[in-house]
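Single-letter residue listing:
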Amino acid sequence: MKTHDRIYNSQYEGKYNAKVAFPLGGLGAGMFCLEGTGAMTHFSLRNTPDLLNEPIIFSAVHIRDGNESIARVLEGPVQDWKIFNSRSTDFGGAGNGQTGKHYGLPRFAECAFTGQFPFGRVNLRDDTLPIEAVVTGWSPFDPADVDHSSLPVAALEITLINRTKRRLELIYSFHATNFMKIEDSEGNRVAAGIVPGGFILEQDPTEGKPWEQGAFSAAVDHPNAVADCSWFRGGWFDPLTMLWNAVETGVSQEKPPLAAGDRPSPGASLYVPLTLEPEGEQQVRLQLCWYVPESNVSTEEFDKTNKKYVEWPHFHKPWYAGRFGSIKEVAQYWKTHYDRLRERSALFSDTFFDTTMPPELTEAVAANLSILKSPTVLRQTDGRLWGWEGCFDLGGCCHGTCTHVWNYAQAIPHLFPSLERGIRETELGEGMDERGHQTIRVPLPIRPADHEHRAASDGQLGGLMRVYREWKISGDTAWMKRQWPKLALSLQYAMDTWDPDRQGILVEPHHNTYDIEFWGPDGMCTSIYLGALKAASLMAAEAGESAERIAEFEELYRRGRDYMENELFNGEYFEQQIKWIGLREAAPTGEQETWNGDYSEEAIELLRKEGPKYQYGKGCLSDGVIGAWLAHMCGLGHILDPGKVRSHLISVYRYNHVRDLSVHANPQRPGFALGREGGLLLCTWPKGGKLSLPFIYSNEVWTGIEYQVASHLLTMGCVEEALDIVRVCRDRYDGSIRNPYDEYECGHWYARAMASYGLIQSWSGVRYDASNRVLYLEDHPGKPFRSFLSVEGGYGTVAFDGNEVSVEVKSGSIPIDNIVKAAGG
């Protein structure tokens, strides 16, 4: 059933091209966005989000057609919402007429955007002009090469097309204010680039602030290119006025950098004269890169003596700063390896999109790969990955590669398995203490964490399944065995803390991704516990653990499964049994210190009637069997009765999936989905019993959970229900109100949305086990098919013609000794 008039996985045009902003950059290296109009925005190059940063930086073209001379910015019309955009810096923004923007310069009349990650293409057209233009933005992305995928570089390839049968003389130009300049600081300049026709914008470090150092390079590979490193210096609007005079009159001016000690140039330009033959075209390759080797980004440290958090004196240093010594080294490397990096990125893109997966699923997966280009992700000089949950406008949101949020993310384990193994090592290393307590959040720079807060039951137990997943994807049994002692300690802590009576269920209050504690057994966290126990028994056997220990895990798993299937299943879906009396932990009284409880006198009265705040009880929770989904993603198979799991998921679809939220009451965070929009609510109470204060996000819609449920439905053969959930989700991100390449939750480019990558495995039924070199194929509806597959050694396309399976490896190798067809859900 189609819910929208835009075709999924197609171009964004008209009203659907209002909010498109496509991230360009490297893993943990910073980014800027190519908007659907061709504008360059969201400049976040200083190791932290800076999403309001939209300096004057643009391409332009001068056209001489006979005696007529025309000049245009290589962008489409300024989007209406920007004209009165209230987000601004001092002495700017809407109230002062958008001072400091180039919105008033003439541009193309029409634009459309097409994304084919990691490539984004803007088509520019104007019936009054003799040319068309295509701007293709990209940055390296190669699952076979994590370092090349982490470079602080991006490219804009500008193709100019002659629509006439006349020869045209053109001048392409690129212009940028020195946006690397720190206000009220000295030591900024425009320097010559590494090639003629290139320039570098620089800012020196200032005393006591090494993080203010930064540089940005722009260069083209055209032999006739020249650079203007000395813009007109003046007040008011003088620099931009004089710059546009040059563009408009077709001046291709070369000016060297100003002498040291002179008042610095406000910016720089490069010019490329071109001749377009009748109906011919030419391309200019604009190579951009940056270098900000220091930061002032860190997370606080807990001072045990004074019982408070204090600033940490050391800061994050990006991976590329350990690889390159200067902006010129980066620019030279980019120039030298450009063709090869583009070829590899195109190979990935072509292979990924060579699929028969429904377009709404392909769009959902590809759009959220943009998270890997965003400032949500950081990479240290030692190569390890660290992440925020998402990005606020001027900083990261919720630090520490949060265990329960990143539980959902399925992209990195398949595309960059070594990075994901590093995250597991960090969780079990710096993130865990001698008791087996895992912190929810590891500090930045990565170092031993404090353990002042509760562990997250879903994150810590999910980590055991994810180690199993990393083992199977990599085939590195020795690596798994090295982790096993710490895994055993982690599981022991979980059992002692949340299941002290060894019932196979989580009874004691257990923290989770909803930023609260569930009291008593629930389907969500108990299902993750069951998956962890099953993974533990299998890894323990491989690691040489004692038979008694393995039997303990297996018996706990059987007890917990029996309890969940018989005590928590209400005939339609799994519930929570709220318990707070007779536990080892005392019920809340209002006297305990807690950051998320706040038990006032009124809350204590409510506690006596309903139990602790923020439970779900009789509710139908969308995440209610997430452990069974994660088990599928990790290769553990069914951990619960498939019929009951399917019933739960169908109930979630029936009760929680809403196509029009106009009459839905949401006192929480409505911006994720509201009004005539649709979405999957986190919880509903179709059988009654809704609590006065259910868990604090229960009325919201989160894309990561929509994808988790849709992916799980696919594994159970419920294709139409899954597609419907994804369609309604992507309809909210159609480019008219929200950016299709920025699914947000607590911050932009939210990590949980990478649950969407699980749609590939769930739809195709394909899973590769590198530990025994077996390709598994579950027999789901919708075959034959073609699907993308990425593992430790390489990537390619898996095809099934209804009878035979074939694998076409496009990069690296995927050794397969056997292909096993297994029954699906």
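A short tour of the structure in this document, coming up. (Residues numbered from 1 in each chain as written. Predicted model: local features only at pLDDT ≥ 70, side-chain atom pairs only at ≥ 80, totals over all residues. Heavy atoms only, no water.)

1. Topic: the overall build of the chain
Stage number 1. Helix and strand counts for the chain stand at 17 helices and 35 strands.
Stage number 2. What you see for the chain is a C-alpha radius of gyration of 28 Å, in line with the 28 Å of a compact globule of 825 residues.
Stage number 3. For the chain, with 825 residues in total, the buried portion stands at 62%.
Stage number 4. Contacts in the chain between residues far apart in sequence, at least 24 positions, make up 70% of those at least 6 positions apart.
Stage number 5. Here the chain displays about 29900 Å² of accessible surface, and carbon together with sulfur accounts for 49% of that area.
Stage number 6. Positive and negative charge centroids in the chain, built from 80 and 109 side chains respectively, lie 2 Å apart. (Helix = DSSP H or I, 4+ residues; strand = E, 2+ residues; numbered from the N terminus. Rg over C-alpha atoms; globule rule 2.2 N^0.38 Å. Buried < 20%, exposed > 50% of the residue type's maximum accessible area, 1.4 Å probe, protein only. Contact = heavy atoms within 4.5 Å. Areas by Shrake-Rupley, 256 points an atom, 1.4 Å probe, with all protein chains shown as cover. Lys, Arg positive; Asp, Glu negative; His and termini not counted. Charge placed at Lys NZ, Arg CZ, Asp CG, Glu CD.)

2. Quick look at the pairing of strand β14 (residues 214-220)
Sheet faces and side chains relate simply in a regular strand, where the side chains alternate between the two faces.
Stage number 1. Where burial is concerned, most of β14 is hidden: 7 out of the 7 residues are buried.
Stage number 2. In β14, alternate side chains face the same way, and those of Gly214, Phe216, Ala218 and Val220 on one face and Ala215, Ser217 and Ala219 on the other are all buried.
Stage number 3. Where strand β13 (residues 199-203) meets β14, 5 bridges bridge the pair, whose relative direction is antiparallel. Bridge pairing links Glu202 to Ala215 in β14. (Pairing = 2+ DSSP bridges.)

3. Overview of the sheet that holds strand β11 (residues 168-177)
Stage number 1. Pairing in this open sheet of 5 strands is antiparallel, and the strands run β6-β5-β11-β16-β15 from one edge to the other. For this open sheet the edge positions go to β6 (68-73) and β15 (226-228), each flanked by a neighbour on one side alone. For this sheet, the mean angle separating the axes of adjacent strands, direction not counted, is 20 degrees.
Stage number 2. Pairing geometry for β15 and strand β16 (residues 267-276), over 3 bridges, is antiparallel. Counted as the bridge partner of Asp228 is Ser269 from β16. (Axes fitted to C-alpha atoms, helices over the stretch in contact; angles between N-to-C directions.)

4. Section: the side chain of Thr477
Stage number 1. Relative to the assigned elements, Thr477 resides in helix α9 (residues 477-498).
Stage number 2. Separated by 3.0 Å, the side chains of Thr477 and Trp471 make a polar contact.
Stage number 3. The contact partners of Thr477, leaving out residues within four places of it in the chain, are Trp471 and Glu542. (Polar contact = N/O pair within 3.5 Å; in protein donor to acceptor, adjacent residues only side chain to side chain.)

5. Here's the deal with the nonpolar core
Stage number 1. With 228 residues, the main nonpolar core has Leu160, Tyr172, Phe174, Phe216 and Tyr514 as its most contacted residues.
Stage number 2. Residues in contact with Phe174, not counting those within four places in the same chain, are Met40, Ile57, Phe58, Ser59, Phe199, Ala218, Ala268, Ser269, Leu270, Leu286 and Leu288.
Stage number 3. Of all hydrophobic cores here, the second largest spans 15 residues; its members include Val73, Val226, Leu240 and Trp244. (Core = buried A, V, L, I, M, F, W, Y, C linked by side-chain atoms within 4.5 Å.)

6. Considering helix α2 (residues 238-249)
Stage number 1. Given a rise of 1.5 Å per residue, 12 residues ought to cover 16 Å, and the 17 Å separating the end C-alpha atoms of α2 matches this to within 8%.
Stage number 2. Those residues of α2 that sit buried are Pro239, Leu240, Leu243, Trp244, Ala246 and Val247. One side of α2 holds all its buried residues, which, seen down the axis, span an arc of 155 degrees.
Stage number 3. Looking at the packing, one finds that the buried side of α2 touches β5 (57-65), β6, β11 and β16.
Stage number 4. Following α2 by one or two positions, Gly250 has its phi on the positive side, about 75 degrees. (Expected span 1.5 Å × (residues − 1). Arc of directions from axis to C-beta.)

7. What about the packing of aromatic side chains?
Stage number 1. All chains considered together, the criterion is met by 45 aromatic pairs.
Stage number 2. Judged by centre distance (5.6 Å) and plane angle (40 degrees), the ring pair of Tyr514 and Trp702 falls under tilted. You can see Tyr514 sitting in the loop between β24 (510-511) and β25 (517-518) and its partner Trp702 sitting in the loop between β29 (683-684) and α15 (703-715), a full 188 residues away along the chain. Taken individually, Tyr514 and Trp702 each receive the classification buried, so the pair is uniform in this respect.
Stage number 3. On the basis of an interplanar angle of 85 degrees and a centroid distance of 6.3 Å, the ring pair of Phe518 and Phe695 is categorised as edge-to-face. Of this pair, Phe518 sits in strand β25 while Phe695 is found in the loop between β29 and α15, placing the two residues 177 residues apart along the sequence.
Stage number 4. Through a chain of ring-to-ring contacts, the aromatic side chains of Phe117, Phe141, Phe348, Phe352, Phe353, Phe416, Phe788 and Tyr795 assemble into a single cluster.
Stage number 5. We note Lys19 situated over the ring of Trp81; from NZ or CZ to the ring centre the distance is 3.5 Å.
Stage number 6. Cation over ring: Lys472 sits above Trp471, and NZ or CZ is 4.1 Å from the ring centre. (Phe/Tyr/Trp six-rings, centres within 6.5 Å; stacked < 30°, edge-to-face > 60°. Lys NZ or Arg CZ within 6 Å of the ring centre and 35° of its normal.)

8. Some points on the environment of Gly280
Stage number 1. Looking at where Gly280 falls in the secondary structure, it is placed in the loop between β16 and β17 (281-291).
Stage number 2. A residue is classified by how much of its surface remains accessible, and Gly280, at 17% relative accessible area, is buried.
Stage number 3. Along the backbone, Gly280 and Arg167 are 113 residues apart, and their C-alpha atoms lie at a distance of 8.7 Å.
Stage number 4. Among all residues touching Gly280, those that are not within four sequence positions of it are Leu160, Ile161 and Asn162.

9. Description of unusual backbone geometry
Stage number 1. Cis peptide bonds are those with omega within 30 degrees of zero, and the linkage from Phe117 to Pro118 qualifies with 5 degrees.
Stage number 2. Along the chain, Pro118 falls in the loop between β7 (110-116) and β8 (119-125).
Stage number 3. At the junction of Leu444 and Pro445, the peptide bond is cis and its omega measures out at -10 degrees in the coordinates.
Stage number 4. Residue position: Pro445 is located in the loop between α7 (417-428) and α8 (457-474).
Stage number 5. Unusually for a residue other than glycine, Asp184 sits at a positive phi of about 65 degrees.
Stage number 6. Along the chain, Asp184 falls in the loop between β11 and β12 (188-192).
Stage number 7. Residue Asp184 is classed as exposed on the basis of its relative accessible area, which comes to 80%.
Stage number 8. Positive phi, normally seen in glycine, also occurs at Arg773, with a value near 55 degrees.
Stage number 9. Here Arg773 is to be found in the loop between β30 (766-769) and β31 (774-779).

10. Looking at the environment of Gly235
Stage number 1. When you line up the elements, Gly235 lands in the loop between β15 and α2.
Stage number 2. By relative accessible area, which is 36% here, Gly235 ends up partly exposed.
Stage number 3. Note: C-alpha distance between Gly235 and Tyr795 (560 residues apart in sequence) is 55 Å.

11. A word on the state of the cysteines
Stage number 1. Applying the stated criterion to the full structure yields 0 disulfides.
Stage number 2. Looking at the unpaired Cys620, the closest cysteine sulfur is the one in Cys683, lying at 6.8 Å.
Stage number 3. Cys620 sits in the buried class, given a relative accessible area of 0%.
Stage number 4. Not engaged in a disulfide, the cysteine Cys746 finds its nearest cysteine sulfur in Cys397; these two sulfurs lie 3.1 Å apart. (Disulfide = S-S within 2.5 Å.)

12. Structural notes on the side chain of Asn162
Stage number 1. Tracing the backbone shows Asn162 in strand β10 (residues 153-162).
Stage number 2. Its relative accessible area of 3% is what places Asn162 among the buried residues.
Stage number 3. Side-chain polar atoms of Asn162 contact the backbone oxygen of Leu276, separated by 3.4 Å.
Stage number 4. Of note is the side chain of Asn162, whose polar atom sits 3.0 Å from the backbone oxygen of Glu277.
Stage number 5. When residues no more than four places from it in sequence are discounted, the contact partners of Asn162 are Pro130, Ile131, Arg167, Leu168, Leu276, Glu277, Pro278, Glu279 and Gly280.

13. Some details on the sheet that holds strand β32 (residues 785-790)
Stage number 1. Read from one edge to the other, the open sheet built from 3 strands follows the order β32-β33-β34, with strand pairing classed as antiparallel. Edge positions in the sheet fall to β32 and β34 (805-812), since each of these pairs with one other strand and no more. The sheet shows a mean angle of 20 degrees between the axes of neighbouring strands, taken without regard to direction.
Stage number 2. Its contacts with the sheet put helix α3 (residues 327-353) on β32, β33 (794-800) and β34, and the angle it makes with β33 is roughly 25 degrees.

14. Some thoughts on the environment of Met564
Stage number 1. Relative to the helices and strands, Met564 resides in helix α11 (residues 547-568).
Stage number 2. When the C-alpha atoms of Met564 and Pro521 are compared, they prove to be 8.4 Å apart, with 43 residues separating the residues in sequence.
Stage number 3. If we ignore the near neighbours within four places in the chain, the residues touching Met564 are Gly523, Thr526, Ser527, Leu530, Phe569, Phe574, Gly624, Val625 and Leu640.

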